[in-house]
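# Notes for the structure review
Listed below, chain by chain, are the residues.
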Number of protein chains: 2
Amino acid sequence: MSKYVYFFGSGKAEGKGSMKDLLGGKGANLAEMTNIELPVPPGFTITTEVCKLYYKNNKKHPTGLEKQVEDNIKKLEKATGKKFGDPSNPMFVSVRSGAKFSMPGMMDTILNIGLNDQSVEGLVNKTKNERMGFDSYRRIVNMLGDVVMGIPHEKFEHVMSELKRERNVKVDTDLSAEALKELVRRYKALFKKETGRDFPQDPREQLWLAINAVFLSWNSKRAITYRKLNHIPDDLGTAVNVQTMVFGNFGNDSGTGVGFTRNPSTGKKEYYGEYLINAQGEDVVAGIRTPKHISELNKDLPHAYRELVKIYQKLEAHYKDMQDFEFTIERGKLYMLQTRAGKRTAYAAVRIAVEMVKEKLIDKKTAVLRIDPHQLDQLLHKQINVKAKLDVIAKGLPASPGAAVGKAVFTADEAERMADEEGEKVILVRNETSPEDIHGMNAAEGILTARGGMTSHAAVVARGMGKPCVAGCEKLHISEQRKELTVGPHTVKEGDILALNGSTGEVILGEVELIEPEMAAEFKTLMEWADGMRKLSVRTNADTPNDAKIARDFGAEGIGLCRTEHMFFEADRIKAVREMILADDEPGRRRALAKILPFQKKDFIGIFKAMKDLPVTIRLLDPPLHEFLPYDDQQISELALEMGVPEEKLKARVKSLHELNPMLGFRGCRLGVVYPEISEMQVKAIMEAACECTKEKMKVYPEIMIPLVGHVNEIKMMRELCVNTADGVIKETGVKVKYKVGTMIEVPRAAVTADEIAEYAEFFSFGTNDLTQMTYGFSRDDIGKFIPEYIAKKVMDVDPFQTLDTSGVGQLIEMAVKKGRSVRKDLKVGICGEHGGDPKSVEFCHFAGLTYVSCSPFRVPIARLAAAHANLKSQKVSQGVSKDK
Amino acid sequence: MSKYVYFFGSGKAEGKGSMKDLLGGKGANLAEMTNIELPVPPGFTITTEVCKLYYKNNKKHPTGLEKQVEDNIKKLEKATGKKFGDPSNPMFVSVRSGAKFSMPGMMDTILNIGLNDQSVEGLVNKTKNERMGFDSYRRIVNMLGDVVMGIPHEKFEHVMSELKRERNVKVDTDLSAEALKELVRRYKALFKKETGRDFPQDPREQLWLAINAVFLSWNSKRAITYRKLNHIPDDLGTAVNVQTMVFGNFGNDSGTGVGFTRNPSTGKKEYYGEYLINAQGEDVVAGIRTPKHISELNKDLPHAYRELVKIYQKLEAHYKDMQDFEFTIERGKLYMLQTRAGKRTAYAAVRIAVEMVKEKLIDKKTAVLRIDPHQLDQLLHKQINVKAKLDVIAKGLPASPGAAVGKAVFTADEAERMADEEGEKVILVRNETSPEDIHGMNAAEGILTARGGMTSHAAVVARGMGKPCVAGCEKLHISEQRKELTVGPHTVKEGDILALNGSTGEVILGEVELIEPEMAAEFKTLMEWADGMRKLSVRTNADTPNDAKIARDFGAEGIGLCRTEHMFFEADRIKAVREMILADDEPGRRRALAKILPFQKKDFIGIFKAMKDLPVTIRLLDPPLHEFLPYDDQQISELALEMGVPEEKLKARVKSLHELNPMLGFRGCRLGVVYPEISEMQVKAIMEAACECTKEKMKVYPEIMIPLVGHVNEIKMMRELCVNTADGVIKETGVKVKYKVGTMIEVPRAAVTADEIAEYAEFFSFGTNDLTQMTYGFSRDDIGKFIPEYIAKKVMDVDPFQTLDTSGVGQLIEMAVKKGRSVRKDLKVGICGEHGGDPKSVEFCHFAGLTYVSCSPFRVPIARLAAAHANLKSQKVSQGVSKDK
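As a starting point, this report considers the structure included with it. Here the structure is a predicted model, which means the values were calculated and not measured.

### Concerning the pairing of strand S34 (residues 852–855) of chain A
Residues and elements named next belong to chain A. Neither face of S34 is left uncovered, since the one carrying Tyr852 and Ser854 and the one carrying Val853 and Cys855 both have all their residues buried. Across 2 bridges, strand S33 (residues 828–831) lies against S34 in parallel orientation. Within S34, the position partnered with Ile831 by the bridge is Val853. One crossover worth recording links S33 to the parallel S34 by way of helix H34 (residues 839–847), and it is right-handed.

Encoded structure:
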C-alpha cells in the first residue's frame with residue numbers, strides 16, 4: 001500500500017526538505033527542521049498525492065488513508081504523552097494547507113482541533129485560565145463553522161456584536177470568561193441552526209472535516225484564479241499538515257518570541273530577538289505588552305535560553321544564512337515553530353554576506369547572489385525611517401529614488417532664494433519642470449510635479465542629480481500664483497513642510513525622519529567581488545562633468561549616453577540656439593551655430609577630463625526644435641522682445657514647428673539630414689575637444705552616436721558627415737584621435753534592418769525607452785490613462801518602461817544583435833535606455849550578448865551587481881533567456 | 001580577332017534585339033528595326049566590350065578596332081552611295097552613346113560629323129539652303145568643342161550673343177546665312193584659342209574624337225552618381241552608335257513626322273500621326289508650324305505614304321503592341337529613326353489591349369499585364385483636360401484622386417446652402433475638416449485643406465465619397481472669418497472659381513475643362529480577365545452602406561475594414577457619445593451606451609444588406625475619446641450649455657483626456673480593456689444586426705476586429721468579451737450566425753509576437769498606416785517637415801505611406817504571417833491600410849501570402865488588376881519577393 005502520511009517529531013522525520021513536490025513547502029520545511037533536531041512540535045503531513053487521488057476518485061480518500069492517519073495520531077500521542085480529546089490531559093492539533101508554491105486563496109489554518117465540551121475543561125485545569133480555554137473553544141467553533149461548513153462569517157460576527165452590546169464591552173478581549181462561555185453556547189446554537197447538526201464533539205471528526213476542507217480549498221475559485229494568473233499547474237495538489245499545538249500561555253514557565261540569528265538592521269553578529277512570558281504568538285505581534293530583549297530570557301528561563309543559543313548556531317550552520325524564527329516555550333520546554341531566511345536591510349545584507357564569506361560559511365558567489373540589486377538603492381540615497389508614521393497625502397510616479405524633506409516652494413527662483421539666502425531645505429513643486437527651472441531643481445532637496453512621466457524633464461534631470469523626485473502626481477492641483485497646492489482635503493502653502501519618497505512615489509505632509517545612506521567597507525568588498533564575476537560592462541548616462549564624476553566614483557566604466565540637448569538649454573547659449581532655429585537660411589543657421597561651437601567644445605572638454613581614459617558616447621542633438629522655443633503667447637512676446645525679432649515671426653515659427661505627435665516627429669537624425677550644419681558643428685566641437693585633451697596627454701575615446709536611425713541611408717549619410725568633419729579636424733589640428741561612429745537602435749525598423757545599418761555603424765546602442773514606445777505603440781507620457789488598469793487587470797505584469805519587455809521588445813533587440821554581428825563581427829552593442837539600471841533588464845542584456853549597459857549614475861552599482869548575477873545565472877542555465885509570458 | 005563592330009543597314013543587321021548586353025539598348029533596337037526590314041538609316045554599333053577594354057587598357061582602343069570601324073564606314077558609303085567628308089556628295093553621321101540601361105548623365109548625341117569647310121559646300125549645293133548648311137556646321141563646331149574638348153558652353157553662348165547684338169536680332173533663327181557663316185568663323189577661332197589647335201577638318205578625326213568622348217562619358221561624375229543611385233553596376237560599359245544622317249529639310253520632297261499605330265487617346269485602330277514637309281524633327285516639336293495629319297501625306301508624297309502604311313502594319317505585327325515612331329523622308333525616301341511602345345491614355349490602353357486579344361495579336365495575360373493599375377484612376381474619376389493651360393497657385397497632398405471645379409466656399413453650411421439652394425458647384429476650403437463638416441463635404445465637388453495628411457479626416461472621408469481632395473496644402477492662409485484664402489500673391493474670395501486635381505495635389509485658379517470618366521465595355525472585359533488571374537481577394541474599406549454599394553459595383557468581395565468611429569460622429573448620436581465620455585462611472589457610461597446601441601445596430605443592418613452574402617470586417621472603436629469632444633474654449637462653452645453640464649467639468653474632462661502623442665495614446669483595444677462596456681455595446685449591435693438580417697434570409701458573415709493589439713493578453717481578454725457577448729445575442733435571439741473574431745496587426749509588437757496572438761485571433765488584418773508609423777517612428781501628420789527633404793536627398797525613394805516599405809515594415813508583415821500561420825494554419829490574413837490600393841504594395845501582399853487586400857472603394861479596380869499582375873509575375877518568378885534596396 002502507498003505511503004500517504006509522513007510523520008515528523010522526536011528528532012526524526014520521515015520526509016525531508018527536498019520533498020516539496022510530495023509534502024508541499026510547509027511540510028518539507030517541518031521535516032527539515034525536525035531532521036536537524038530542532039525541537040519542532042511533532043506532527044504529520046498528508047501528501048499531495050492524496051489530494052490528487054481525492055479529486056480523481058470523485059472526492060473520496062484513497063483506501064488506507066484513514067488507518068495511516070490514525071496510526072500517526074497514535075504516534076503523536078506517544079510523542080507528546082497527551083491524548084487527543086482527553087478531558088484531563090488533552091492533545092490539540094492544528095491543520096494547515098501546504099502546496100508546493102505558497103498560494104493565497106487556499107485555506108490557511110484551523111487551530112485547536114480536539115477542543116470539545118470535555119477537553120476544554122482539561123485545558124482550563126492545566127492552564128488555570130478559564131478565559132483562555134473558552135476563548136480557544138469559541139474560536140474552533142467559529143473556524144469549523146465558517147471555513148469548513150460554510151456558515152457566513154458575518155453571522156458569527158453578529159452573535160459576537162450582540163453579546164458585546166449586552167455586556168456593554170467594546171473589544172473582544174474585554175469579554176469575561178463567563179461571557180466567553182455564553183459565546184461558545186451561542187456559537188454552537190448558530191452552528192446547529194445553520195447546519196442542522198450539533199457542533200462535532202468527536203476530535204477525529206473535527207480533524208477529518210478540517211482535512212477535507214483543505215482538499216476542497218485547492219479548487220476554490222480564488223485558488224484557481226491565482227494559479228491561472230501565476231501560471232501554476234492545476235494538477236499539483238496540496239498537502240495537509242497536522243501538527244500538535246503548544247501553548248506559550250500556560251503560565252510563567254511558558255512564553256513565546258521571535259529571533260534573528262544576526263541583527264537584521266545592522267548585520268552585526270549577535271543574538272537578536274524578543275519574547276513575552278505567558279503569552280501567545282499573536283500577543284507579540286499585537287504590541288499590547290512590550291516584549292523583552294532575548295538576552296533577558298537567560299534570567300527568566302535559563303534552561304530554555306541555553307537551548308535557544310545552541311539553536312542560533314545550528315540554524316546558521318545548517319541554512320548558511322541569517323535566519324529568523326518563531327518559538328514557543330510551554331512549561332519550560334522550547335519549541336521551534338518556524339524558521340526561514342530573515343528579512344534584513346540592505347546595509348545588513350551586505351555586511352552579513354561579506355562576513356559569512358570570512359567565516360567560511362558561504363563562498364563569494366553565494367555572497368554576491370545574496371544581495372538583491374534593487375536593495376542597493378537604500379545604500380545610495382537617504383531613506384525615510386520606516387518606523388515613522390507617515391501622513392501620505394498623494395502618490396505619484398517614483399521618478400528618482402531617495403527621500404527628501406523641506407519647505408514647499410512653487411517657483412525655481414524662490415527655491416534658489418530660500419536655499420541660498422535663508423539656508424532652508426526646500427521641495428520644489430511644479431506642474432512640470434522645464435530647462436528654465438534647473439537652478440531651482442539644483443537648489444531643492446527634492447522635486448514634485450503634477451504632470452509628466454518617468455522620462456519627463458523633472459524625472460530625467462532629478463535622476464541625473466541624484467535627487468529624489470515624485471513626478472506625474474496627477475491628483476495635485478498646483479497654483480503657482482496662489483503659491484499653494486491642494487489635494488483632496490489638504491492644502492499646502494509655501495513654507496509648509498513636505499516630504500517625498502522618490503522610491504515609492506509617496507508625498508507626505510509634515511516632518512519625517514530621514515536616514516542617511518551608509519557605504520561601508522563591506523560594500524566595496526562585495527562590489528569588487530561582483531565586478532570579477534560579470535561579463536557586461538557598465539557605463540553611465542551623464543551629460544555633465546559632475547554627473548560623470550559621480551558615476552565614475554560609483555564604478556562606471558565610461559559614458560554610454562551623453563545627451564547634448566541639455567547643453568543647448570544652458571543660459572549662455574540658449575539665445576544662439578534660438579537664433580539658429582529662427583534663421584531664414586543655411587548661412588543664418590551657420591552664423592548662429594558658430595556662436596554655440598565654443599560652448600559645446602568646452603562642454604566636451606569637461607566631460608572628457610572627467611572620463612579620462614574611458615570611452616565617451618556622445619549623442620547628437622535629438623529633440624524636436626520646438627522644445628527650445630516657448631509655447632505660450634506671453635513667453636513668446638517676451639522672447640520676441642528679448643531677441644529683437646517681430647512677435648509675428650516668432651509666433652509663425654513656433655506654429656510651423658508644432659507637431660501633433662512630437663515623439664514621432666522631426667527629431668533625431670532627421671534634424672541632421674535636413675540641417676547637416678547642426679551635426680557638423682557638434683562633431684567639430686567633439687573632435688576639437690578630443691584633440692585638445694589628447695594634446696594635454698589625456699587618452700580620450702569619443703564615440704559619436706546618431707539618434708533615431710530607421711533607414712540605412714540615414715546612418716550612411718550621417719556617418720559620411722561625421723567622418724568628413726572629424727577627419728577635417730584631425731588634419732587641421734595634426735592630433736590623432738581614434739573615434740567611432742555608431743547609432744542608436746530605438747526605432748523598430750532599425751532593429752529589423754540592423755544588418756544593413758551595421759555596415760555603417762561601429763556600435764549599436766539600444767534606446768529602449770523609444771524602442772518600447774514604438775514597439776508597443778504607446779507613448780510614455782500618455783500611458784497613465786490605461787497602464788495602471790492594465791496592471792490591475794493583469795494584462796501586463798509590469799510597466800514595460802520599468803522592466804524591459806523581453807518577449808516583444810526583447811525579440812527586436814536579439815534580432816538586431818544577431819543581424820548586426822552577422823555583418824560586423826566585433827560590433828559593440830549596448831543599451832542606454834532607462835532599463836540599463838533595472839536588474840531584470842540587465843539580466844536580459846547579458847543573455848542577449850550585449851557588450852555593456854549604461855544607466856544613470858546612481859544606478860551604476862545596481863547594474864554592476866545585476867550584471868554579476870546574470871553571469872552567475874548563465875553559468876547555471878547556459879542556454880537561452882527565459883521569456884515573460 | 002574579336003568582333004567589335006556590328007553593322008546594320010540595307011535590311012539586315014549583324015546584331016539583334018536581344019543583344020542589349022553587347023550592343024546597348026539603342027544599338028539592339030536599331031538592329032531589331034533593321035532586321036524586320038524597316039528603312040533604318042544604316043550605321044554600326046561599337047560594342048560595350050570595347051568600352052570595357054578601353055578602361056582595362058588604360059584608355060586605349062583594342063587592336064583592330066580602327067580597322068573594323070574603317071571597314072564599316074566603307075559599308076556605309078556603299079549603302080548610301082555617299083562619301084564621308086566628300087565635298088560634292090557628302091555622308092554625315094551621328095554618334096550616340098547607348099548603355100544597356102538608359103542613363104542620363106552620359107553623352108547624348110553629336111550630330112553632323114563629317115561637316116568641314118569643304119563638305120559644307122556640298123551640303124549647301126544639295127539642299128540649295130545655305131542657311132541650313134552653315135547652321136549645321138556651327139553646331140558641330142560647338143558640340144565637338146563643348147562636349148568633346150571641354151570648352152565651357154558659356155563661351156560659345158557668349159560669342160553667339162555678341163553676334164546677335166551686332167546684328168540686332170533677338171532669336172537664333174533670325175540670323176542670316178551670312179551671319180551664320182561669320183558665327184562658324186568665330187566658333188572656330190574660339191575653338192583654336194581654347195584648345196590650341198584648329199577645329200579638326202578630317203571627318204575621321206571628328207568621328208574618333210566623338211567615339212572617345214562617349215567612352216569617357218561612361219565615367220563622368222554625373223554618370224557614376226546616377227549608377228550609384230540606381231544600383232547599376234559600374235562594369236557594364238556603354239556601346240557607341242554611329243549612324244548615317246538623313247535630312248527632312250532637303251526640299252519639298254523631304255519631310256519629317258511622328259506616328260502612332262493606333263489612336264493614343266481613344267485606342268481606335270486608325271493611322272495616327274503628323275508630319276511637316278521640308279522640316280527637321282525639332283520643327284515638329286517646336287510647334288512653330290502646324291503639322292498636317294498623316295492622311296494628307298498620301299497627297300504630298302504618295303510613295304512615302306504607301307510605305308508608311310505598310311510600316312504601320314509591320315510594327316504591330318512584330319512588336320505586338322501599339323507603337324509610336326519617328327520618321328524622316330529625305331528626297332522622297334522614307335527612313336524610320338526610332339520606334340517604341342506608344343504612350344496612351346488609360347482609356348486607349350484598355351481598348352487596345354482588349355482589341356489586340358480579339359485580333360489574336362496577344363493573349364489575355366499579356367493584355368492584363370499591359371495595363372498599369374495606376375492608370376485606372378483616370379477611368380474612375382473626372383480628369384482635367386491636359387491640353388488646358390492651368391494657373392496652378394499651390395500644391396498640396398494628392399489626397400483623393402480626380403478633379404473638380406467650383407466656387408470657393410469656406411464653411412460647410414455655406415457649401416450646403418449654395419449647392420442645395422442655388423445649385424452651384426462648390427469647392428469646400430477649410431484649414432482642416434472635422435466630422436461637423438460632413439454635410440458640407442457631401443455637398444461640395446471637391447475638398448481643399450491647409451492642414452492634415454493623407455489620412456486626415458478630409459482625406460479619408462473624401463476617398464470614401466470618391467470626391468477629389470487636396471489636403472495639407474500648407475502654403476495656404478485661410479481666413480474663415482474674412483471668407484478668403486491667400487497664397488503668395490493670390491487671394492481667392494468666396495465665389496471665386498477654383499479647380500482641384502486630387503491626383504496631383506494641384507490647386508488651380510479659374511475655370512478648367514473637365515473630362516468625364518468613361519467606363520467602356522472593354523474595361524469590364526479586361527477586369528474579368530484579371531479576376532481570373534489573381535489569387536488575392538480584394539475587399540474594400542467602407543463605413544457606410546453607400547460606400548459599400550459603390551465598392552461592390554467596383555468588384556469588392558467584402559468589407560475588409562468598416563470603421564465604427566465615423567458612426568459615433570453622426571448628428572443623431574454624438575450627444576450620447578459625449579454623455580458616455582463625461583459619465584462619472586460605469587453605470588453612467590452604460591446608460592449612455594444604451595442610447596447609442598439602436599443607432600449602431602441600424603448602421604450595421606444597412607452595411608450587411610449592402611454586402612449581402614459577403615464578409616464584413618467591423619473594427620471596434622479606435623480613436624482616442626478626446627476626438628469626440630471640442631478643443632477650443634468657445635466650443636466647450638457651447639457644448640456645456642447644450643449638454644447641461646458645468647463648463648468647468650467639461651473643461652476638466654477635455655484636459656484630462658489631452659494627450660501629448662495621441663497616436664501613441666489611449667485608443668484602440670486599450671479603450672475596450674479599460675471600458676469593456678463600450679466594446680460590449682458594439683459587439684451587441686453587430687450581432688443583433690446580423691441575427692436580424694439572417695432572420696430575413698440574408699447570409700451575413702460578420703468579422704469582429706480588435707484594433708491596436710500589442711500584447712496577447714489584450715486579444716485574449718477582448719476575444720472573451722466578444723464571444724461572451726455574441727453568444728449571448730445568439731442565444732437570446734435563437735438565430736445562428738457564424739462570426740469570427742480577429743485583430744489588426746498595426747503595432748510592431750503584435751507582428752513580433754504574432755504566434756502568441758494567433759491563438760486568439762481567427763484573422764489578422766495589417767493596418768499598415770499605423771504599422772509604418774510605428775516601425776519608422778514617424779507620424780504621418782508630422783512628416784511634412786522632413787520627408788520631402790528625404791526624398792530630395794534620396795534617403796528614401798518614395799513616401800512609405802504611399803508605397804509599402806517592403807524591406808522594413810514588410811519584414812514585420814512576413815514575420816507575422818509566418819508566425820501566425822505556424823499556430824493557426826488557416827489564419828485569414830489581409831491588409832486594410834492605405835497601401836491596400838497601391839499596386840506595388842499589392843504585389844508585396846501577394847508574395848507575402850496574404851489572403852486579401854482591402855482598399856477604398858474607388859481603388860478596388862486598381863487592386864484587382866494589381867493582384868492579377870502580381871500573380872502573373874509570381875508564376876514567372878516563383879520565388880521570394882524582391883526587396884527594395
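Anyway, onward from the coordinates.
### Re the pairing of strand S24 (residues 497–501) of chain A
All names here are of chain A. Within S24, 4 of the 5 residues are buried, which leaves it mostly tucked inside the rest of the structure. Taken together, the 5 bridges between strand S17 (residues 403–409) and S24 define a ladder with antiparallel strand orientation. Across the sheet, residue Gly406 finds its bridge partner in S24, namely Leu498. Two strands pair when backbone bridges link them, and S24 and strand S25 (residues 506–509) are joined in this way by 4 bridges, in the antiparallel orientation. Bridging from a neighbouring strand, Leu500 pairs with Val507 of S25. Here S24 hands over to S25 after 4 residues, with Gly505 in that stretch at a positive phi of 90°.

### Some words on the sheet that holds strand S10 (residues 272–277) of chain A
Residue and element names in this part refer to chain A. Within the open sheet, the 5 strands sit side by side as S11-S10-S9-S12-S13. Their pairing is antiparallel. The open sheet has two free edges, formed respectively by strand S11 (292–293) and strand S13 (333–341), since each of these has just one partner strand. Pairing geometry for S10 and S11, over 2 bridges, is antiparallel. Within the sheet, the bridge partner assigned to Tyr275 lies in S11 and is Lys292. Running over the sheet, helix H12 (residues 302–319) touches strand S9 (255–260), S10, strand S12 (323–330) and S13 and is turned about 25° from S13.

### Focus: the packing of aromatic side chains
Throughout the structure, instances matching the rule amount to 40 aromatic pairs over all chains. Seen from their ring centres, Phe325(B) and Phe327(B) are 6.2 Å apart, and the 45° between their planes marks the pair as tilted. A relative accessible area of 1% places Phe327(B) in the buried class. Here a set of aromatic residues connected by ring pairs shows up, and it is made of Phe666(A), Tyr675(A), Tyr776(B), Phe778(B), Phe786(B), Tyr790(B) and Phe801(B). The positively charged end of Arg227(A) is found above the aromatic ring belonging to Trp218(A), 3.8 Å away from the centroid. Over the face of the ring belonging to Tyr335(B) we find Lys333(B), whose NZ or CZ atom lies 4.8 Å from the ring centre.

### With respect to the side chain of Thr238(A)
Residues and elements named next belong to chain A. Inspection of the secondary structure assignment puts Thr238 in strand S8 (residues 238–244). In terms of polar contacts, Thr238 uses its side chain to reach the backbone amide nitrogen of Gly98, at 3.2 Å. With residues near it in sequence (within four places) discarded, Thr238 still touches Thr47, Thr48, Cys51, Ser97, Gly98, Ala99, Met106, Val214, Phe215 and Trp218.

### Comments concerning the interface of chain A and chain B
Each side of the interface is counted separately: chain A has 53 residues, and chain B has 53 residues. Regarding the contact of chain A and chain B, the summed buried area is about 4,600 Å², with carbon and sulfur atoms giving 58% of it. Among the residues of chain A in contact with chain B, Leu664(A), Arg749(A) and Lys785(A) are the three that bury the most area, contributing 14% of the side total. In this assembly, chain A and chain B are joined by 2 salt bridges. In this structure, the salt-bridge partner of Asp805(A) is Arg749(B), at a minimum N-O distance of 2.6 Å. If you look at where chain A meets chain B, you find 35 residue pairs in polar contact (both at pLDDT 80 or more). Elements that contribute at least two residues to the side of chain A that touches chain B include exactly helix H25 (647–657), helix H26 (669–674), helix H28 (712–733), helix H29 (748–752), helix H31 (768–776), helix H32 (787–792) and helix H33 (809–823) of chain A. Residue classes in the side of chain A that touches chain B are distributed as 23 nonpolar, 15 polar and 15 charged.

What counts and what doesn't
- Residues numbered from 1 in each chain as written.
- Chains lettered and ligands numbered in written order.
- Predicted model: local features only at pLDDT ≥ 70, side-chain atom pairs only at ≥ 80, totals over all residues.
- Heavy atoms only, no water.
- Buried < 20%, exposed > 50% of the residue type's maximum accessible area, 1.4 Å probe, protein only.
- Helix = DSSP H or I, 4+ residues; strand = E, 2+ residues; numbered from the N terminus.
- Pairing = 2+ DSSP bridges.
- Right-handed = clockwise from strand over helix to strand, strands pointing away.
- Contact = heavy atoms within 4.5 Å.
- Axes fitted to C-alpha atoms, helices over the stretch in contact; angles between N-to-C directions.
- Phe/Tyr/Trp six-rings, centres within 6.5 Å; stacked < 30°, edge-to-face > 60°.
- Lys NZ or Arg CZ within 6 Å of the ring centre and 35° of its normal.
- Polar contact = N/O pair within 3.5 Å; in protein donor to acceptor, adjacent residues only side chain to side chain.
- Buried area = accessible area lost by both parts, 1.4 Å probe.
- Salt bridge = Lys/Arg side-chain N within 4 Å of Asp/Glu carboxyl O.
- Nonpolar A, V, L, I, M, F, W, Y, C, P; charged D, E, K, R; others polar.

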